[in-house]
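# Fold and geometry: a report
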Amino acid sequence: MSESHAVVSTTSGSRYINRLCKHWQHKLSVAHDEHQGRVTFDGGVCHMRAEAGALHLQLTAEDVATRERLEEVVAVHLERMANRETLDIVWQPAVT
């Protein structure tokens, strides 16, 4: 397994979780509420949690290549959902 995380500064974390989960729910397994979400991709899972001023992203994948691909997928979609806000999404691999 390969893991990474990112903490994105935003006051709109709950809104982004809602939009991302609704976007992906038609083709992926998704669970979400007002403050957190989980999206199951082929080969990995992304957990999202909104707090005041930050959106926490945790990604677990079956291998490094899949993790890196999913980091890009999540980042591109998140940036698209936040079209009026510039987000700094920096993934940090988990230390093993």
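Please refer to the structure higher up on the page.
Described in the following lines is the structure provided in the data block.

Reading guide: rules and limits
Residues numbered from 1 in each chain as written. Predicted model: local features only at pLDDT ≥ 70, side-chain atom pairs only at ≥ 80, totals over all residues. Heavy atoms only, no water. Axes fitted to C-alpha atoms, helices over the stretch in contact; angles between N-to-C directions. Helix = DSSP H or I, 4+ residues; strand = E, 2+ residues; numbered from the N terminus. Left-handed = near helix turned anticlockwise from the far one by under 90°. Contact = heavy atoms within 4.5 Å. Nonpolar A, V, L, I, M, F, W, Y, C, P; charged D, E, K, R; others polar. Salt bridge = Lys/Arg side-chain N within 4 Å of Asp/Glu carboxyl O. Buried < 20%, exposed > 50% of the residue type's maximum accessible area, 1.4 Å probe, protein only. Pairing = 2+ DSSP bridges.

The contact between helix H1 (residues 13–24) and helix H2 (residues 64–81) brings their axes to 10 Å, and the two run at 115°. In this structure, H1 meets H2 at a crossing whose hand is right-handed. Contacts between H1 and H2 involve Tyr16, Arg19, Leu20, His23 and Trp24 on the former and, on the latter, Val73, Val74, His77, Leu78 and Met81. Of the residues in the contact of H1 with H2, the class split is seven nonpolar, two polar and one charged.

Once that is clear, we can look at the pattern of salt bridges. As a working rule, side chains carrying opposite charge can pair if their charged atoms are close by. The full count for this structure, using the stated rule, is three salt bridges. The salt bridge partner of Arg67 is Glu68, with a shortest N-O separation of 4.0 Å. What makes Arg67 buried here is its relative accessible area of 7%. By relative accessible area, which is 44% here, Glu68 ends up partly exposed. Within the structure, one salt-bridge network assembled from shared partners comprises Arg67, Glu68 and Glu71.

This next bit is on the pairing of strand E3 (residues 36–41). By the alternation rule, side chains of E3 split into Gly37, Val39 and Phe41, which are all buried, and Gln36, Arg38 and Thr40, of which none is buried. The pairing of strand E2 (residues 29–32) with E3 spans four bridges and is classified as antiparallel. From the neighbouring strand, Ala31 faces E3, where its bridge partner is Arg38. Between the end of E2 and the start of E3, which pair antiparallel, lie three residues. Here E3 pairs with strand E4 (residues 44–51) via six bridges, running antiparallel. In the sheet register, Arg38 faces E4, and the bridge partner there is His47. As consecutive antiparallel partners, E3 and E4 are separated by two residues, and within that stretch Gly43 has a phi angle of approximately 95°, a positive value.

Nothing here speaks to function; it is all geometry.
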